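Descriptive structure summary
These are the residues of each chain, in order.
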Amino acid sequence: MTLIRPSRDEDVAAITAIYAHHVLHGTGTFETEPPTAGDMASRRADVLSKNLPYLVAEREGELLGFAYPSSFTRWFVSQFGESPNRWRSKQRAATKR
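The structure presented is a predicted model; accordingly, all values stated were derived computationally and were not measured. Starting from 1, residues in each chain are numbered consecutively following that chain's sequence as written. pLDDT decides what is reported in this predicted model: residues at 70 or higher carry local features, side-chain atom pairs at 80 or more are listed and counted, and totals for whole chains, interfaces and linings draw on all residues regardless. Side-chain numbers here rest on the full set of heavy atoms in the structure, without hydrogens or water.

Let's talk about the sheet that holds strand β3 (residues 62-67)
In short, DSSP must find at least two bridges between two strands for them to pair. Put simply, DSSP H or I for four residues or longer makes a helix, DSSP E for two residues or longer makes a strand, and each gets a number counted from the N terminus. Spatial strand order, β1-β2-β3: 3 strands in an open sheet with antiparallel pairing. Here the strands that pair on one side only, and so sit at the sheet edges, are β1 (2-6) and β3. Neighbour to neighbour, the strand axes of the sheet diverge by 25° on average, direction disregarded. Taken together, the 5 bridges between strand β2 (residues 55-59) and β3 define a ladder with antiparallel strand orientation. Across the sheet, residue Ala-57 finds its bridge partner in β3, namely Gly-65. On top of the sheet, helix α1 (residues 12-25) reaches β2 and β3; it is set at about 70° to β3, its chief contact. Fitting a line to C-alpha atoms yields each axis, with helices limited to the stretch in contact; the angle taken between N-to-C directions then spans 0 to 180 degrees. Contacts: residue pairs with any heavy atoms within 4.5 Å of one another.

Next up, the structure:
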């Protein structure tokens, strides 16, 4: 039976391994280099510091996956240096042509 539960500090290594696989072989992230366990621990701590959930799926002691809420907008702005509203305005203008 699969259990969904809050993550624990000892889950970070497995979370890191799961995410690293998807960075290297998937299309669900824009990252090109897998983050370290320290990076993932910091990200998890940031989510938890906002009183948001950071969950894991576990079956027979093996972590199968993890999930947490985040803000797409913050990443967009930091990666592309534009505000989301400016980008949306450009998109609207492009579709009116």
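Some remarks on the side chain of Thr-29
With respect to the secondary-structure elements, Thr-29 resides in the loop between α1 and α2 (37-49). If sequence neighbours within four positions are ignored, Thr-29 has contacts with Tyr-19, His-22 and Val-23.

Here's the deal with the pattern of salt bridges
Any Lys or Arg side-chain nitrogen found within 4 Å of a carboxyl oxygen on Asp or Glu counts as a salt bridge. In the structure shown here, the tally under the stated rule is 6 salt bridges. Between Asp-11 and Arg-5 there is a salt bridge, and its shortest N-O distance comes to 2.8 Å. On the basis of relative accessible area, Asp-11 is assigned to the buried category, the value being 5%. Here Arg-43 ties to Glu-31 by a salt bridge, and the two come within 2.9 Å at their closest N and O atoms. Of this pair, Arg-43 sits in helix α2 while Glu-31 sits in the loop between α1 and α2; the two residues are 12 residues apart in sequence, bridging distant segments of the chain. Several salt bridges share partner residues, and in doing so they unite Arg-5, Asp-11 and Glu-58 into one network. Throughout this description, buried means an accessible area under 20% of the type-specific maximum (1.4 Å probe, protein chains only), exposed means over 50%, and partly exposed covers the range between.

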